[in-house]
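Descriptive structure summary
Residues per chain, in single letters:
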Amino acid sequence: MVQAYILIQTEVGKASTVAETISAIPGVIQAEDVTGPYDVIVRAQADTVDELGRMVVAKVQQVEGITRTLTCPVVHL
């Protein structure tokens, strides 16, 4: 199992709508609208890195109102 944080920037006023929409995507554990340089932070999981990448590109980045994403995979050192 691979987990990652997805940091999202949105259009002005769209953070709560984006977080709500993303929370319904399979594999998303949590989606919260926040303050700071990013507007939404998502915790997601998938079976493989490739599957995680497909979820981000095919599902998360297609949500209306998103302007930029940064995916940060969780590592255990």
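As the structure is a computational prediction, the values presented were derived from the model and not from experiment.

A separate point is the side chain of T10. For T10, the location among the structural elements is in strand 1 (residues 2–10). According to the relative accessible area criterion, T10 is buried, its value standing at 10%. Aside from chain neighbours lying at most four places away, what touches T10 is A15, V18, D39, V40, G65, I66 and T67.

Neighbouring strands of a sheet are bound in pairs by backbone hydrogen bonds; such pairs are parallel or else antiparallel. Strand order in the open sheet formed by four strands is 2-3-1-4, with antiparallel pairing between adjacent strands. Looking at strand neighbours, the two that pair on one side only are strand 2 (28–33) and strand 4 (66–73), the edges of this open sheet. Taken pair by pair, the neighbouring strands of this sheet meet at an average axis angle of 20 degrees, ignoring direction. Relative to the sheet, helix 1 (residues 15–22) contacts strand 1, strand 2, strand 3 (40–46) and strand 4, its axis offset from that of strand 2 by approximately 170 degrees. Its contacts with the sheet put helix 2 (residues 49–60) on strand 1, strand 3 and strand 4, and the angle it makes with strand 1 is roughly 25 degrees.

Within helix 2, burial applies to L52, M55, V56 and V60. For helix 2, the arc enclosing every buried residue in end-on projection is 95 degrees, short of the 170-degree limit, so these residues lie on one face. For helix 2, the exposed residues set more than 90 degrees away from the buried face come down to D50, R54 and A58. On its buried face, helix 2 is in contact with strand 1, helix 1, strand 3 and strand 4.

Where helix 1 is concerned, the buried positions are A15, V18, A19 and I22. End-on, the buried residues of helix 1 take up no more than an arc of 100 degrees, which puts them together on one face. In this structure, the buried residues of helix 1 make contact with strand 1, strand 2, strand 3, helix 2 and strand 4.

Next up on the list: the confidence of the model for the protein. For the protein, the average pLDDT comes to 96, and 100% of its residues sit at 70 or higher. Per-element mean pLDDT across the protein ranges from 95 in helix 2 up to 98 in strand 3.

I8, I22 and V42 are the most contacted members of the largest nonpolar core, which totals 21 residues. Going through the elements one at a time, strand 1, helix 1, strand 2, strand 3 and helix 2 are the ones with two or more residues in this core. Sequence-distant contacts of I8, that is, excluding residues within four places in its chain, are made with I22, Y38, D39, V40, V42, V60, I66, R68 and T69.

Here is what the cut-offs are and how they apply
Residues numbered from 1 in each chain as written. Predicted model: local features only at pLDDT ≥ 70, side-chain atom pairs only at ≥ 80, totals over all residues. Heavy atoms only, no water. Helix = DSSP H or I, 4+ residues; strand = E, 2+ residues; numbered from the N terminus. Buried < 20%, exposed > 50% of the residue type's maximum accessible area, 1.4 Å probe, protein only. Contact = heavy atoms within 4.5 Å. Pairing = 2+ DSSP bridges. Axes fitted to C-alpha atoms, helices over the stretch in contact; angles between N-to-C directions. Arc of directions from axis to C-beta. pLDDT = per-residue confidence, 0-100. Core = buried A, V, L, I, M, F, W, Y, C linked by side-chain atoms within 4.5 Å.

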